[in-house]
Amino acid sequence: MKSTTEKSKEIQAVLFDVDDTLYDQAQPFAKACEALFGRVYSFSIDALFASSRRHSDEVFELSRSGAISMEEMYIYRIQRAFADFQIPISDAQALEFQR
């Protein structure tokens, strides 16, 4: 039989925020963009964010399976998103954006 202390430590629920209703990923994304590149961009941050999510989905299984590292996924998704707007960024810039 489990003690009261052990019972209170059992997981009661697990939440998945699949639609960003609990945590809005777009806000820190916009802040990272502004921190690295200022406000000198001529594109929609929302469009860049959507592009980043799309490119992230492209390599999610590769990163999950270990075929590519998380770092490689971070670089890929943000470089591809910026490339969609004809803006090249380096690997170092992509990793700094992720931080």
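Here, every reference points to the structure presented above.
Being a predicted model, the structure only gives us computed values, none of them experimental.

Novice: Tell me about the overall build of the protein chain, and please be specific about residues and values.
Specialist: For the protein chain, the count of helices and strands is 5 helices and 0 strands. Going from N to C terminus, the protein chain has its helices and strands arranged as α-α-α-α-α. Taking all 99 residues of the protein chain together, 25% fall into the buried category. For the protein chain, long-range pairs separated by at least 24 residues make up 48% of all intrachain contacts whose partners lie at least 6 apart in sequence.

Novice: Help me get a handle on the packing of aromatic side chains, residues and values and all.
Specialist: Counted by the stated rule, this structure contains 3 aromatic pairs. A centroid spacing of 5.0 Å and a plane angle of 70° characterise the contact between Phe-29 and Phe-97, whose relative ring orientation is edge-to-face. Pair noted here: Phe-29 is in helix H2 (residues 26-37) and Phe-97 is in helix H5 (residues 91-98), with a separation of 68 residues, a long-range link. For the pair shown, Phe-29 and Phe-97 are each scored as buried. Judged by centre distance (6.0 Å) and plane angle (80°), the rings of Phe-82 and Phe-97 are edge-to-face. Of this pair, Phe-82 sits in helix H4 (residues 70-83) while Phe-97 sits in helix H5, placing them 15 residues apart in sequence. Judged by relative accessible area, Phe-82 falls into the buried class, the value being 2%. Residue class for Phe-97 comes out buried when judged on its relative accessible area of 7%.

Novice: Explain the environment of Leu-48 to me, and be specific about the residues and the numbers.
Specialist: Mapped onto the elements of the fold, Leu-48 is located in helix H3 (residues 45-65). By relative accessible area, Leu-48 is classed as buried at 0%. When neighbours within four sequence positions are excluded, Leu-48 is seen to be in contact with Phe-29, Cys-33, Phe-43, Ala-81, Phe-82 and Phe-85.

Novice: Which residues make up H4, and what are the values?
Specialist: Here H4 contains 14 residues, and its C-alpha end-to-end distance of 20 Å stays within 8% of the 20 Å for a straight helix at 1.5 Å per residue. Check the buried side of H4 and you find it contacts H2, H3 and H5.

Novice: Explain the nonpolar core to me, using residue names and the numbers behind them.
Specialist: Core analysis: the biggest nonpolar cluster contains 16 residues, and Phe-29, Cys-33, Phe-43, Leu-48, Ile-78, Phe-82 and Phe-97 have the highest contact counts within it. Of all the secondary structure elements, the ones that give two or more residues to this core are H2, H3, H4 and H5. Once residues within four sequence positions are removed from consideration, Phe-82 is found in contact with Cys-33, Phe-37, Phe-43, Leu-48, Ile-87, Ile-89 and Phe-97.

Novice: Give a description of the packing of H2 against H3 that names residues and reports values.
Specialist: Here H2 crosses H3 at 110°, and the two axes come no closer than 10 Å. Our classification of the angle between H2 and H3 gives roughly perpendicular. Contacts from Ala-26, Phe-29, Ala-30 and Cys-33 in H2 reach Ile-45, Leu-48, Phe-49 and Ser-52 in H3.

Procedures and definitions
- Residues numbered from 1 in each chain as written.
- Predicted model: local features only at pLDDT ≥ 70, side-chain atom pairs only at ≥ 80, totals over all residues.
- Heavy atoms only, no water.
- Helix = DSSP H or I, 4+ residues; strand = E, 2+ residues; numbered from the N terminus.
- Buried < 20%, exposed > 50% of the residue type's maximum accessible area, 1.4 Å probe, protein only.
- Contact = heavy atoms within 4.5 Å.
- Phe/Tyr/Trp six-rings, centres within 6.5 Å; stacked < 30°, edge-to-face > 60°.
- Expected span 1.5 Å × (residues − 1).
- Core = buried A, V, L, I, M, F, W, Y, C linked by side-chain atoms within 4.5 Å.
- Axes fitted to C-alpha atoms, helices over the stretch in contact; angles between N-to-C directions.
- Parallel < 35°, antiparallel > 145°, perpendicular 65-115°, else oblique.

Worth remembering: the numbers are spatial, not functional.
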